[in-house]
There are 2 protein chains.
Amino acid sequence: MTLDFHYRLKATDGAARLGEVVTARGIVNTPAFMPVGTAATVKGMYPAQVRELGADIVLGNTYHLMLRPTAERVAQLGGLHAFMRWPHPILTDSGGFQIMSLAALRKMSEKGVTFRSHIDGSYHELSPERSVEIQGLLGSDIQMQLDECVRLPASREEISRALQLSLRWAERSKRAFEAQPPGRALFGIVQGGDAPDLREVSARGLVDIGFPGYSIGGLAVGEPQDVMLSMLDVVTPILPTDKPRYLMGVGTPDDILESVARGVDMFDCVMPTRAGRHALAFSRFGKINLKNARHAEDPRPLDEESDCPAARDYSRAYLHHLIRCDEMLGSMLLTWVNLAYYQSLMKGARIAIGEGRFDDYRAQVKDGWVRGDVPVRS
Amino acid sequence: MTLDFHYRLKATDGAARLGEVVTARGIVNTPAFMPVGTAATVKGMYPAQVRELGADIVLGNTYHLMLRPTAERVAQLGGLHAFMRWPHPILTDSGGFQIMSLAALRKMSEKGVTFRSHIDGSYHELSPERSVEIQGLLGSDIQMQLDECVRLPASREEISRALQLSLRWAERSKRAFEAQPPGRALFGIVQGGDAPDLREVSARGLVDIGFPGYSIGGLAVGEPQDVMLSMLDVVTPILPTDKPRYLMGVGTPDDILESVARGVDMFDCVMPTRAGRHALAFSRFGKINLKNARHAEDPRPLDEESDCPAARDYSRAYLHHLIRCDEMLGSMLLTWVNLAYYQSLMKGARIAIGEGRFDDYRAQVKDGWVRGDVPVRS
């Protein structure tokens, strides 16, 4: 039996929400962090490991997958879940954001966007309809409408033009999506840059069209955190309480806690995986740079109380050594550490919201970061 | 209670030997393949995974470890076993071979060798005594004497000079090793290039000195396989049957089977790990290059009958995709596949020797390679 896609709000604590996103592939406990599996792999992790950390869902990038191995090939091979051996829910983006940041010779029109691949220069077209088609071929459980995300700072006119185009594309995406099997969902994406009134226009426009979930895009693109949070303060109260809200591409652990406090349910970010490949560990003591020479003779693990073997069992001296030698295992272990930390952060948030003490949780976690890394025993 | 190091011959089948090398850290079932953990990591593998594949022992490289993180630091951190989280036996080489192949400004004398690091140009000295000291600091269970390995082709005089130097160094190494705790062993290394009579001189010289195990060095350095095997035919009959024989740096699965047939007990080679990082899989169907476009749409795993999840569960199309995208997981999975294949090859050999059918086993395995990769179902 295929379940219809829906969101179930289980508890609130201030604006923070505990809930479940139900998809045909399984349940996503929210607030949720989605590890990024750009090219059908969460870099440096076996899929079973990602699951064991408590991730209910991962993200795939439409831009990368449409270029390699192509959506048609993934479909022919049984879909993205089978291809990457991740039988749980998958969310895909629309491809639009990566086209803006990676592709060459981009050309935007009412119809869609044309571009050349950053890999081989080949020519491609992406329309709202084609984006939904690709995401359908991939078999994505939660799909995104194609939108236009403007770089900030941008003029009011530019932000407004882009959000209106995105609203028209939202309608086209919704129509294109109707052909897909039940249990999947298409999310509309709120744009509007850093202008509160334009954010409101975008959010209301999308709610009028009606989606099973709402993404908030165009944030965490370099603006100060308080700008991002003030946009959430405008947007989340407009969004229906019985639909999930997904803040795209966010973010640091602090960004996530602050956004959960404002009623966001879903997050994704390359930060834990990318940092893991660059010697940076996230922990309850804050960020720890393992490249630093102070770790060279430190026999302590990153966090002896962690459930994650990578954080608990390997010495800082060993991690430092692996990084100095550019050994694959260094990236593998720190990616594992970081995804484990992000998942534990979300699990803690879910428990705290359920128990009506999210503010305390947030304060405690932040206090741990401020106190910083434990000193070397002397 | 610490066990004394010893070898127990359990069965023979022709010249092939089934046995156990007993060390303070545990038993090594032979014939054994030792995965190479150059810089205190088997590249791309968690240590627990290496163990699960059936490896009883791994190899560490003295040259790399003396430069980074240094033997003194490893000792201070509790030894190599604790450092790399491998509580089972470890074999280390003497450092000599890598100095010859990697270091700059090498200078050889009766006393030892001086060189500059390939990493930062720093100056170092290695003598037979210092090599044993370093291996002792690492806590290695099976250590190698420092020797001089000449490049082939070389003149008789040059080969003879190097083997005589190596014999004098063997004696010095043995004396230096006496200070180490029981349960560990130092192996002498047979040299003699491609000259049968010089190999004999070397082997008899080492047996006269007396070691708990014998390595055969200076082979698999570019000479044809029949030359290598003819050297084994000369050397192994000279070596005592109650001591293990280790053929250094060998080799292909075929090299290994032929050497087992000639009475070799232990092997190490970077081939399975290095090939795994270069898209090449070893399998019972022979070598398979996953870079090849014929795999791009192939939903079959590498070997659906394999016990190794990497070989059994992931499609060739997915492996091909990961390699094309230069994804870490591609190297991780193929390294896993290859080490699993090498370990299964050794396990098969051990069982076959015990049952007195090693010749049949070798023929069957080779027949599988000759038949080649299974065709795509049509």
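If you're wondering where the values come from, they're calculated on a predicted model, not measured in any experiment.

A.B. asks: Report on the relation of the copies chain A and chain B, specifying residues and quantitative values.
C.D. replies: The two copies are related by a screw motion: chain A maps onto chain B through a turn of 180° and a shift of 0.0 Å along the axis, at an RMSD of 0.0 Å. Overall, the copies show the geometry of a two-fold rotation axis. Nearest to the rotation axis, the C-alpha of M328 of chain A is located 3.9 Å from it, this being the minimum over chain A. Both copies share a contact surface, since 100% of the interface residues of chain A are interface residues in chain B too.

A.B. asks: An account of the interface of chain A and chain B is needed here, citing residue identities and associated values.
C.D. replies: With 37 residues of chain A in contact, the opposing surface of chain B contributes 38 residues. For chain A, the biggest contributors to the area lost against chain B are Y46, R68 and M328 of chain A; these three give 19% of the whole. Between chain A and chain B we count 6 salt bridges in total. Here R85 of chain A and D313 of chain B are joined by a salt bridge, their closest N and O atoms 3.8 Å apart. Connecting chain A to chain B are 14 residue pairs in polar contact (both at pLDDT 80 or more). Residue assignment for the side of chain A that touches chain B shows that the elements contributing at least two residues are α1 (47–52), α3 (71–76), α4 (80–84), α13 (316–324) and α14 (328–354) of chain A.

A.B. asks: Report on helix α6 (residues 128–138) of chain B, specifying residues and quantitative values.
C.D. replies: By the burial criterion, the buried members of α6 of chain B are P128, S131, V132, I134, Q135, G136 and L138 of chain B. Directly beyond the C-terminal end of α6 of chain B, a positive phi value near 85° is found at G139 of chain B.

A.B. asks: Run through the pairing of strand β9 (residues 123–126) of chain A, naming residues and quoting values.
C.D. replies: Two faces make up the sheet, and in a regular strand the side chains alternate between them. All names here are of chain A. Of the two faces of β9, the one holding H124 and L126 is buried and the one holding Y123 and E125 is not buried anywhere. Inspection of the sheet shows strand β8 (residues 113–116) paired to β9 by 4 bridges, in the antiparallel sense. Looking across to β9, one finds that V113 is bridged to L126. Hairpin remark: β8 followed by β9, antiparallel, with 6 residues in the connecting loop; positive phi at G121, about 75°.

A.B. asks: Got a sec to walk through the packing of aromatic side chains? Specific residues and values, please.
C.D. replies: All names here are of chain A. If you walk through the whole model with that rule in mind, you get 19 aromatic pairs over all chains. A centroid spacing of 5.5 Å and a plane angle of 90° characterise the contact between F282 and Y342, whose relative ring orientation is edge-to-face. Of the two residues, F282 is situated in strand β15 (residues 280–283) and Y342 in helix α14; the sequence distance between them amounts to 60 residues. Just as F282 is buried, Y342 falls in that class too.

A.B. asks: Before we move on, could you go through helix α15 (residues 358–371) of chain B and cite the residues and values that matter?
C.D. replies: Residues and elements named next belong to chain B. Compared with an ideal rise of 1.5 Å per residue, which puts 14 residues at 20 Å, α15 spans 20 Å between its outermost C-alpha atoms and is within 8% of the ideal. For α15, the set of buried residues is F358, Y361, R362, V365, G368 and W369. Mapping the buried residues of α15 onto a view down its axis gives an arc of 125°, with all of them on the same face. Away from its buried face, by an angle of more than 90 degrees, α15 presents the exposed residues D359, Q364, V370 and R371. Each element contacted by the buried residues of α15 is listed here: β1 (6–13), β2 (16–23), α10 (253–261), β15 (280–283), β16 (286–289) and α14 (328–354). Backbone geometry just downstream of α15 places G372 in the positive-phi region, at approximately 85°.

A.B. asks: Residues and numbers for the sheet that holds strand β2 (residues 16–23) of chain A, please.
C.D. replies: Residue and element names in this part refer to chain A. Strand order in the open sheet formed by 3 strands is β1-β2-β3, and the pairing between neighbours is antiparallel. Two strands bound the open sheet, and with one partner strand each, they are β1 (6–13) and β3 (26–30). Across the sheet, the mean angle separating the axes of adjacent strands is 15° when strand polarity is ignored. With 7 bridges joining them, β1 and β2 adopt antiparallel strand pairing. Paired with D13 across the strands is A16, a residue of β2.

A.B. asks: Before we move on, could you go through the UniProt feature "active site" (unreviewed entry) in chain A and cite the residues and values that matter?
C.D. replies: Residues and elements named next belong to chain A. Residues annotated in UniProt with the feature "active site" (unreviewed entry) correspond here to D93 and D268. Taken together, the annotated residues stretch across 176 residues yet fold into one region, lying no more than 10.5 Å apart by C-alpha. Every residue in contact with D93, bar those within four places of it in the chain, is listed here: G60, N61, T62, Y63, Q98, Q135 and M144. Of note, D268 is situated in strand β14 (residues 266–268). Judged by relative accessible area, D268 falls into the buried class, the value being 8%. Residues contacting D268, with those up to four places away along its chain left out, are F33, M34, V36, L59, Y246, L247, M248, G249, V250 and G251. A distance of 2.7 Å separates a polar atom in the side chain of D268 from a polar atom in the side chain of Y246.

A.B. asks: Go over the nonpolar core with me, naming the residues and quoting the values.
C.D. replies: Counting residues in each nonpolar core, the largest one holds 211 residues, and the members touching the most others are F358 of chain A together with F358 of chain B. Not counting residues within four places of it along the chain, the set of residues in contact with F358 of chain B comprises D13, A16, L257, V260, A261, A349, A352 and I353 of chain B.

A.B. asks: Let's hear about the pattern of salt bridges: which residues, and what values?
C.D. replies: All told, the structure shown has 62 salt bridges over all chains when counted by the stated rule. Here R371 of chain A and D367 of chain A are joined by a salt bridge, their closest N and O atoms 3.3 Å apart. Of this pair, R371 of chain A and D367 of chain A both sit in helix α15 (residues 358–371), 4 residues apart, which is roughly one turn of that helix. Its salt-bridge partner being D373 of chain B, residue R294 of chain B comes within 3.3 Å of it at the nearest N-O pair.

Rules behind the numbers
Residues numbered from 1 in each chain as written. Chains lettered and ligands numbered in written order. Predicted model: local features only at pLDDT ≥ 70, side-chain atom pairs only at ≥ 80, totals over all residues. Heavy atoms only, no water. Least-squares fit on C-alpha atoms with pLDDT ≥ 70 in both. Contact = heavy atoms within 4.5 Å. Buried area = accessible area lost by both parts, 1.4 Å probe. Salt bridge = Lys/Arg side-chain N within 4 Å of Asp/Glu carboxyl O. Polar contact = N/O pair within 3.5 Å; in protein donor to acceptor, adjacent residues only side chain to side chain. Helix = DSSP H or I, 4+ residues; strand = E, 2+ residues; numbered from the N terminus. Buried < 20%, exposed > 50% of the residue type's maximum accessible area, 1.4 Å probe, protein only. Pairing = 2+ DSSP bridges. Phe/Tyr/Trp six-rings, centres within 6.5 Å; stacked < 30°, edge-to-face > 60°. Expected span 1.5 Å × (residues − 1). Arc of directions from axis to C-beta. Axes fitted to C-alpha atoms, helices over the stretch in contact; angles between N-to-C directions. UniProt positions renumbered as here; feature names shortened; annotations may be inferred. Core = buried A, V, L, I, M, F, W, Y, C linked by side-chain atoms within 4.5 Å.

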